[in-house]
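Listed below are the residues making up each chain.
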Amino acid sequence: MRLHKTLLAAAAIAAGMSLNAQDTSNFVIQTNKIGAPIQPTMYGLFFEDINYAADGGLYAELIKNRSFEFPQNLMGWYTFGNVELMNDGPFQNNPHYVRLSNAGHGHKHTGLENEGFFGIGLTKGESYRFTVWARGKDQKINVELIKNNLDENHQALIKEDLSINSNEWKKYELVFTSPVTEAKAHLRIFLDSPGSVDLEHISLFPVDTFNGHENGLRKDLAQALADINPGVFRFPGGCIVEGTDLETRYDWKKSVGPVENRPLNENRWHYTFKYRFFPDYFQSYGMGFYEYFLLSEEIGAEPLPIVNCGLSCQFQNQDPAAHVATCDLDEYIQDALDLIEFANGDVNTTWGKVRAEMGHPEPFNLKYIGVGNEQWGEEYPERLKPFVTAIRKAYPNVQIIGSSGPDSEGKQFEYLWPEMKNLKVDMVDEHFYRPESWFLSQGNRYDNYDRKGPKVFAGEYACHGKGKKYNHFNAALLEAAFMTGLERNADIVHMATYAPLFAHVDGWQWRPDMIWFDNLNSVRTCSYYVQQLYSHNKGTNVVPLTMDKVAVSGQEGQNGLFASAVWDGPTQSYIVKVVNTSDKAQPVSLNFAGLKKNNKLTNGTCITFNSPNTDLENTIEQPNAVVPQESPVAIDGNMLTADIAPHTFAIYKFNKQ
Ligand code: AHR
């Protein structure tokens, strides 16, 4: 479609085009030098069960402690009348259940109440599936959802009867529709017959989960992940890979198979910060490795599991005895090999069969595995080495990711990079949670990295602006600025994932985070939009770019401007990202040099992401306070001039015809 010239001119002014050539920063994009490929994995997601990201978050289960296996078995439950805790249930790894017996007097009630995760979110018109494993002959229970508000009657919002009709354990199901929206409901179950009934694995899910899976994921949260078009999905963490001790490390083998029999694990984030202490925070493993692989597949991302390398959290364990001795690593190495078999093995292999029985006979095509999370010291490479040997031997095509420790520079970082080169890992996972000043100073971080060594996975990063609850715009803007350096160096940077991903507004331990949520709503932060803009506009190849004839770096003398340019093969377009981190409007020119005479740039668009106030955040109350805007933009020949407003991330895109 051809836009009328005057319309284009008006749109161009709205997008910030300038007629003023004074002080202009001149960018030259070498259109005829299509450079290094940008990996499809370049912009991805890092998932860790921190901030109630899994149970109480992405995993759509609404009942806390559904199998009565928390160390205080009835945590999260209130009981009334005659309720006994039993421990010889039908699921070996979760033996506890409750027995509800008649309270003895007609007017007394026997039953129990679950508080959910900060309450149970119900949405008017949505259907919910209640399931329970039960045993009892000719028994009846009432299942109610109540409003948990002390000022009001605890009248049931929903009330259903369920008949239990067998002395053998059986799974029962009820599906009902909520007549109201309520963020913090509770579930109540009353015994409504003489006699007794046994109840185990009491569960409540919305029917409408992401892609409709019964043991599924919360739709709005999973959709937010899909909407990024992520190239890679890293899981399950983070520090929970290590555990506070080896006993509590993430053990993927316990996270697969029938969900009722997956054992509970501690979550180290329940006590990591005393000021955000959540004694009821555990890992049910209900969202386990099968669900992670499936989610990766459904959102189009390469799965990237991280396995424990025989080290427990080094922040918390200085005693060498807390780790696995190097001579005793076999079990851990076998776990890594078995994981690859679980993902890729055919249905006749031991672990491929487990995957098939769970509903996915086709392989998940795992291509990457991380060994160790954020490890350091000699104890790391000496453990990583036998993993590398074994994985290379059994699966030479699987790429191995090692770590450069918890710091973005310094002693451990300097020590570990050469070690990773010696071990010939394919990628090194770098982490940087750093302040604004660091992000401003790192635009050229990768310009001089050794091109012959392992590639870079910027596996956890976020700009930590001071004192903000969510993610204020300025932090996101500086992430955008820094990411121009990732993109210009896409020959060596192959993956990047912001962290952490999720936080419940009532249950967070760590902030900022990319997506916040409560029991009903979710918020895409400014950092989310930056990640999405990069992912949607990543292109296929780097294109050389200079500013005033020198390499772009965002450093001294470059007016607070950061930039990168890419070519996108499928759409035959050039995409230029410019970030103005300064508080002044910056006149720029974009010169698309090297086009052939008969080539024209058309269909110009400009996406701008800026905010009237750099402190602004998207919140539950105001989820769209700052969102990107797109408008058409005209170009005169191969040259565009524009004023980039203060504190603005601008993306220009033109088709080549
Ligand atoms: O993302 C939060 C934590 O930060 C991760 O668990 C860990 O890898 C890092 O220290």
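In short, a report on the structure. (Residues numbered from 1 in each chain as written. Predicted model: local features only at pLDDT ≥ 70, side-chain atom pairs only at ≥ 80, totals over all residues. Heavy atoms only, no water.)

1. Digging into the overall build of the protein
Argument step 1. Along the backbone of the protein there are 10 helices and 33 strands.
Argument step 2. Whereas a compact globule of 657 residues would reach a radius of gyration of roughly 26 Å, the protein reaches 27 Å, a difference of no more than 12%.
Argument step 3. Burial status across the protein gives 59% buried among its 657 residues.
Argument step 4. For the protein, long-range pairs separated by at least 24 residues make up 77% of all intrachain contacts whose partners lie at least 6 apart in sequence.
Argument step 5. Accessible area of the protein: about 25,700 Å², with a carbon and sulfur share of 49%.
Argument step 6. If the 58 positive side-chain charges of the protein are averaged to one point and the 79 negative ones to another, these points end up 6 Å apart. (Helix = DSSP H or I, 4+ residues; strand = E, 2+ residues; numbered from the N terminus. Rg over C-alpha atoms; globule rule 2.2 N^0.38 Å. Buried < 20%, exposed > 50% of the residue type's maximum accessible area, 1.4 Å probe, protein only. Contact = heavy atoms within 4.5 Å. Areas by Shrake-Rupley, 256 points an atom, 1.4 Å probe, with all protein chains shown as cover. Lys, Arg positive; Asp, Glu negative; His and termini not counted. Charge placed at Lys NZ, Arg CZ, Asp CG, Glu CD.)

2. Re the sheet that holds strand β15 (residues 302–307)
Argument step 1. On the basis of which strands lie adjacent, the closed barrel formed by eight strands has the order β2-β12-β15-β16-β17-β18-β19-β20 and parallel pairing. Neighbour to neighbour, the strand axes of the sheet diverge by 25° on average, direction disregarded.
Argument step 2. With four bridges joining them, strand β12 (residues 232–235) and β15 adopt parallel strand pairing. Note on β15: the bridge partner recorded for Phe233 is Pro303. (Pairing = 2+ DSSP bridges. Axes fitted to C-alpha atoms, helices over the stretch in contact; angles between N-to-C directions.)

3. Remarks on empty space enclosed by the protein
Argument step 1. Going through the model one piece at a time under the given rule, you end up with four cavities of 30 Å³ or more.
Argument step 2. There is about 200 Å³ of room inside the largest cavity.
Argument step 3. Lining the largest cavity we find 22 residues, and of these Asn65, Arg66, Phe70, Leu264 and Ser284 sit closest to its centre.
Argument step 4. In the lining of the largest cavity, the residues fall into eight nonpolar, six polar and eight charged.
Argument step 5. Looking at which domains feed residues into the lining of the largest cavity, each of domain 2 (43–60 + 215–536) and domain 3 (77–206) gives three or more. (1 Å grid on protein atoms, 1.4 Å probe; cavity = no way out; pocket = protein on both sides within 12 Å on 5 of 7 lines; lining within 4 Å. Points joined across faces, edges and corners; volume = space filled by probe spheres on them. Nonpolar A, V, L, I, M, F, W, Y, C, P; charged D, E, K, R; others polar. Domains from an automatic or database assignment.)

4. Side note on the layout of surface pockets
Argument step 1. Computed from the structure, the second largest pocket encloses a volume of approximately 390 Å³.
Argument step 2. As for the second largest pocket, its lining consists of 22 residues, of which Gly121, Pro206, Arg218, Asp220 and Asn519 are closest to the centre.
Argument step 3. Residue assignment for the lining of the second largest pocket shows that the elements contributing at least two residues are β7 (120–122) and α2 (219–226).
Argument step 4. Split into classes, the residues belonging to the lining of the second largest pocket amount to nine nonpolar, seven polar and six charged.
Argument step 5. Split by domain, the residues of the lining of the second largest pocket number at least three in each of domain 2 (43–60 + 215–536) and domain 3 (77–206).

5. Quick look at the packing of helix α4 (residues 330–344) against helix α5 (residues 350–357)
Relative orientation and spacing of two packed helices are given, respectively, by the angle between their axes and the distance between those axes.
Argument step 1. The N-to-C vectors of α4 and α5 enclose an angle of 45°; their axes lie 7 Å apart at closest approach. In terms of their interaxial angle, α4 and α5 are classed as oblique. The hand of the α4/α5 crossing is right-handed. Taking contact as the criterion, the partners of Asp338, Glu341, Phe342, Ala343 and Asn344 in α4 are, on α5, Thr350, Trp351, Gly352, Val354 and Arg355.
Argument step 2. Residue classes in the contact of α4 with α5 are distributed as four nonpolar, three polar and three charged. (Parallel < 35°, antiparallel > 145°, perpendicular 65-115°, else oblique. Left-handed = near helix turned anticlockwise from the far one by under 90°.)

6. Topic: the environment of Glu291
Argument step 1. For Glu291, the location among the structural elements is in helix α3 (residues 289–298).
Argument step 2. Judged by its relative accessible area of 9%, Glu291 falls in the buried class.
Argument step 3. Through-space distance from the C-alpha of Glu291 to that of Phe609 is 34 Å; in sequence the pair is 318 residues apart.
Argument step 4. Ignoring any residue separated from it by four or fewer positions in sequence, one finds Glu291 in contact with Asn215, Ser255, Arg262, Gly286 and Met358.
Argument step 5. A polar contact of 3.1 Å, which involves the side chain of Glu291, links it to the side chain of Arg262. (Polar contact = N/O pair within 3.5 Å; in protein donor to acceptor, adjacent residues only side chain to side chain.)

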